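Survey of secondary and tertiary structure
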Protein chains: 4
Amino acid sequence: MGELGRKLGLDELSGGTSGIIKAILAEFIGNLLLNLFGCGACVNIAQGSGAAPDIVLIALAFGLSVFAIISAIGHVSGGHVNPAVTAGLASAGRVKPVRAVLYVIAQCAGAAAGSGLLKAFTPDRAAGSLGVTGLGTEVTALQGFGIEFCLGFVLVFVVCGVCDPNKPDSKATAPLAIGLTVTLGHLLAVDYTGSAMNPARSFGSAIVANVWNDHWVYWAGPVAGGVAAALLYVHGFSAPPPDNIT
Amino acid sequence: MGELGRKLGLDELSGGTSGIIKAILAEFIGNLLLNLFGCGACVNIAQGSGAAPDIVLIALAFGLSVFAIISAIGHVSGGHVNPAVTAGLASAGRVKPVRAVLYVIAQCAGAAAGSGLLKAFTPDRAAGSLGVTGLGTEVTALQGFGIEFCLGFVLVFVVCGVCDPNKPDSKATAPLAIGLTVTLGHLLAVDYTGSAMNPARSFGSAIVANVWNDHWVYWAGPVAGGVAAALLYVHGFSAPPPDNIT
Amino acid sequence: MGELGRKLGLDELSGGTSGIIKAILAEFIGNLLLNLFGCGACVNIAQGSGAAPDIVLIALAFGLSVFAIISAIGHVSGGHVNPAVTAGLASAGRVKPVRAVLYVIAQCAGAAAGSGLLKAFTPDRAAGSLGVTGLGTEVTALQGFGIEFCLGFVLVFVVCGVCDPNKPDSKATAPLAIGLTVTLGHLLAVDYTGSAMNPARSFGSAIVANVWNDHWVYWAGPVAGGVAAALLYVHGFSAPPPDNIT
Amino acid sequence: MGELGRKLGLDELSGGTSGIIKAILAEFIGNLLLNLFGCGACVNIAQGSGAAPDIVLIALAFGLSVFAIISAIGHVSGGHVNPAVTAGLASAGRVKPVRAVLYVIAQCAGAAAGSGLLKAFTPDRAAGSLGVTGLGTEVTALQGFGIEFCLGFVLVFVVCGVCDPNKPDSKATAPLAIGLTVTLGHLLAVDYTGSAMNPARSFGSAIVANVWNDHWVYWAGPVAGGVAAALLYVHGFSAPPPDNIT
Ligand SMILES: [Ca+2]
Ligand SMILES: [Ca+2]
Ligand SMILES: [Ca+2]
Ligand SMILES: [Ca+2]
């Protein structure tokens, strides 16, 4: 295998592939759980699909899903469960390209499976569009892109901060910090954009509901924001190695 | 005592029984507190039993109950307080059969005691069925089984992740992660199934209210989900021992 | 000073008294903040004193007050800010009688000061009875005693569990666990008893509002529950010293 | 450079200025995110600017913003993102005057940028005054000052407690404790004063909405409270060095 293959990360696929297969399975299950529990919390069985959303409930459900998922499989795959996180970390050189592409495929497949399961579990009357993301009243696609950019930015900014290898004190509470940042994003953005923060989560809902309005916003926004945050953090804010502390 | 006796865990009952008696008492008290505080938070004294449930309130109450209980008695019994957790850990070989059976009996007795106490503390007008679990409008028993399977799965998946002996960094926040996963399950499922996640919790409510509709769902779902999660985690995702980290 | 004086803790008052004076001041400030922020969150400026309470809001306010207070002064006084905690720990021999009495006086004085400040900050129209505790509709005094007993029990049970000197892993998250247990108690009990969990909190509200209905419930319940929990924990569930772990 | 220059902190500007430039940038970004996410959560796209505020939602948004920001850039600048915190720590000698002034300028500029971004992202119909702080009905300016004093006090009191260099056990959960104390302040004060706790947050909203009613309250209150808390903590409650523990 040549130099290019190593840079792309092809070496992870030859030889001991057990690690990457487990990681891909972990990302698949993670995104399945995220769409099942997060989008499922948007469903209102008692009042049906016309009821006003309870934003605090939805925000807690998505955030606590991420907290639970990272607690369970963070050590297996890194617990990205989000193409914006994967893209951000890849842009900063912390994930190799081949692994990144495989992760994104697994994340999208998992999200679709989670939304599909949710559809199977939900009476038609209450299902509505099962939490598909969409722009709020009078919110333009450009405004939506701006909001989703900021959601991807804050999420990956926090991921970089709490997973900085030179900040060991952050490790114990990292899953909680990442999860509650997802909650934060939803508290802001449920009524602006439906609050994706995560292209796979939007994709999974869209494919099951077959609703694709403004779908580009939910890929371009979080990925661009995530890449911006990762580059800013890595080049500007990384903690110095312990040796450098005076 | 023969080989079979050791596998079943009969040795825990002979000799130093103090440990297992304390553990059984701890599980009893834990489930008592869970049904008292969790189901009690479902009661609405001011508006009576016809009021719409506040799902965020209920979800926080069950989750923070579990967080409190594990904080208090986790070191005594492991802090299962849930037959689905006990069954999952038993299927993975981490709890011996005799101990598992005794735990489940203690959990059910504790839950019944907690629901009984709650009945004594609550004016009849407001009591309703004291938080008994039941399927939401148009939710079929099979859909309910699917939801409860997923609740048991995510709970035991997180328990395995945060209690993995090779992930010491997870230990400090483990009780919080487990508790907030219980909150997560309720955010999704209160209006689907009443959100048991826990057969003992359902049993305790059912015996005091004498309401047994679809009761099998609340045993089969969480136990099957918990066993599936434990087997998946132990065989697929366990963290390697520190020596194996390169 | 004789043997009796040492048992009562009189030695803490002679000699280096700086420590106990600081501790008493810390308890005073802690209970001041608890009644100011907790009871203040019960006030509804926009809708006035007839509005229905938002139980999640109130429960979070009391719980996060306790989390904040213990984070700030827990190392100075132990961060009891509650006569039920002080009584429980005294009954278990972990606080000496003289210190306990001084703490309770400081707690009650601080709570009264906090409720007084709140009265000064609040327009009369919205003040109502400033969060005074009272029994819910049709809740008997005996039922209220039972609920408050259980609130004191769960709080002190968790305090004992997370402050157990042989459970060092619990130390980092102890203030959070204690605070969220206070939240838990309020999620259950706001509409049963107003949810004191804490005689000083009730006393401070009662003296400023001059409302003393069923006031004994808010002393007898939490103190009896706290003492029961402390004795049960210390004699039944204390973690063994690390040497005893096999 | 003379003695005076060193006391003011001019030495931080000569020589290795990279550190302070990064810190100023970090504070700018932090306050940008705080006003964008916190004030943005006050916007109600679906119902427009006349809707009643959801105080729990708003309180969680501001608190989780602070948790996220400190998690991401706390190690770069200390994570003040609040002139009241900077003033408190400066009064206690823990931040030098020149750095403090530069921080406050960066915080105000960041907050204005965050509120400006929010305006760009929000349809006019729903924008209202974009979360500008103002006194509640019948709340006097003096009462508002009192409330904001207490908000600044509790925040800086907790900051001092969890960042005390002699309390290493507090470090892991410090960002969470500080964030949830911001949540606590908002649970109390949204309907009293709009709950600034933070002069920069108020300034950013005021300059974009061009609403300056009672603006002095939002500077004088939190700064005075923060300074009082820092002086009290440093002179009365600092933890002793580990050597002094017996
Ligand atoms: Ca629902
Ligand atoms: Ca209730
Ligand atoms: Ca209020
Ligand atoms: Ca909104």
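Above this text you will find the structure in question.
Fair warning: this is a prediction, and the values are worked out from it, not measured in the lab.

This part is about the coordination of the calcium ion (ligand 2). Bound to the calcium ion (ligand 2) on the protein side are B:V43 (O), C:D191 (OD) and C:D191 (OD), at distances that span 2.3 to 2.9 Å. Of this pair, B:V43 sits in the loop between α2 (18–42) and α3 (55–77) while C:D191 sits in helix α8 (residues 174–193), which puts the two residues in different chains. The burial state of B:V43 is the same as that of C:D191; both residues are buried.

So, on to the relation of the copies chain B and chain A. Mapping chain B onto chain A leaves a residual RMSD of 0.0 Å; the transformation is a rotation of 90 degrees accompanied by 0.0 Å of translation along its axis. Taken together, the rotation and translation describe the operation of a four-fold axis.

As a benchmark, a tetrahedral metal site with four donors has ideal angles of 109.5 degrees, while an octahedral site with six donors has ideal angles of 90 or 180 degrees. Donor atoms from the polypeptide that coordinate the calcium ion (ligand 4) comprise A:D191 (OD), A:D191 (OD) and D:V43 (O), at 2.3 to 2.9 Å from the metal. The exposure class of A:D191 is buried, given its relative accessible area of 13%. Residue classification places D:V43 among the buried residues on the basis of a relative accessible area of 8%.

With that settled, consider the environment of C:G88. Residues and elements named next belong to chain C. In this structure, G88 sits in helix α4 (residues 83–91). Look at G88 and you get buried, because its relative accessible area is 0%. Taking the C-alpha atoms as reference, G88 lies 4.0 Å from V227; in sequence the two are 139 residues apart. Setting aside residues no more than four positions away along its own chain, G88 makes contact with G226, V227 and A230.

Turning our eyes to something else, we now look at the interface of chain B and chain A. Between chain B and chain A, the contact holds 38 residues from the first and 37 residues from the second. Interface of chain B and chain A: buried area, both sides summed, is about 3,100 Å²; carbon and sulfur atoms make up 75% of it. The largest share of the area that chain B buries against chain A comes from B:L184, B:Y192 and B:F237, three residues that together contribute 19% of it. Scanning the region where chain B abuts chain A turns up two salt bridges.

Right, let's get into the relation of the copies chain B and chain C. For the pair chain B and chain C, the best superposition has an RMSD of 0.0 Å and corresponds to a rotation of 90 degrees with a translation of 0.0 Å parallel to the axis. A different interface surface on each copy is seen, since only 6% of the contact residues of chain B are contact residues in chain C too.

Take the interface of chain B and chain C next. Each partner contributes residues to the interface: chain B has 36 residues there, and chain C has 38 residues. Interface of chain B and chain C: buried area, both sides summed, is about 3,100 Å²; carbon and sulfur atoms make up 74% of it. Counting the contacts that link chain B with chain C gives two salt bridges. Between B:R125 and C:E138 there is a salt bridge, with the nearest N and O atoms lying 2.9 Å from each other. At the junction of chain B with chain C, the criterion picks out twelve residue pairs in polar contact (both at pLDDT 80 or more). Secondary structure elements with two or more residues in the side of chain B that touches chain C: α2, α3 and α5 (97–121) of chain B. At twelve residues, the largest contribution of residues to the side of chain B that touches chain C is made by α3(B). When the residues that make up the side of chain B that touches chain C are grouped by side-chain class, the tally is 25 nonpolar, seven polar and four charged.

Let us look at the pattern of salt bridges. Taken as a whole and judged by the stated rule, the model has eight salt bridges over all chains. Salt-bridge contacts for D:D169 lead to C:K171; the nearest nitrogen and oxygen are separated by 3.1 Å. Of this pair, D:D169 sits in the loop between α7 (141–162) and α8 (174–193) while C:K171 sits in the loop between α7 (141–162) and α8, each in a different chain. Judged by its relative accessible area of 39%, D:D169 falls in the partly exposed class.

What follows is about the arrangement of the chains. One finds no contact between chain A and chain C; the C-alpha atoms of the two approach each other to within 10 Å at their closest. With no contact formed, the shortest span from any C-alpha in chain B to any C-alpha in chain D equals 10 Å.

A few words on the environment of C:I45. All names here are of chain C. The topology assignment puts I45 in the loop between α2 (18–41) and α3 (55–77). I45 sits in the buried class, given a relative accessible area of 0%. A sequence separation of 79 residues divides I45 from D124, and the C-alpha atoms of the two residues are 9.8 Å apart.

Calculation criteria
- Residues numbered from 1 in each chain as written.
- Chains lettered and ligands numbered in written order.
- Predicted model: local features only at pLDDT ≥ 70, side-chain atom pairs only at ≥ 80, totals over all residues.
- Heavy atoms only, no water.
- Donors = N, O, S within 2.8 Å, 3.2 Å for Na, K, Ca; no water.
- Helix = DSSP H or I, 4+ residues; strand = E, 2+ residues; numbered from the N terminus.
- Buried < 20%, exposed > 50% of the residue type's maximum accessible area, 1.4 Å probe, protein only.
- Least-squares fit on C-alpha atoms with pLDDT ≥ 70 in both.
- Contact = heavy atoms within 4.5 Å.
- Buried area = accessible area lost by both parts, 1.4 Å probe.
- Salt bridge = Lys/Arg side-chain N within 4 Å of Asp/Glu carboxyl O.
- Polar contact = N/O pair within 3.5 Å; in protein donor to acceptor, adjacent residues only side chain to side chain.
- Nonpolar A, V, L, I, M, F, W, Y, C, P; charged D, E, K, R; others polar.

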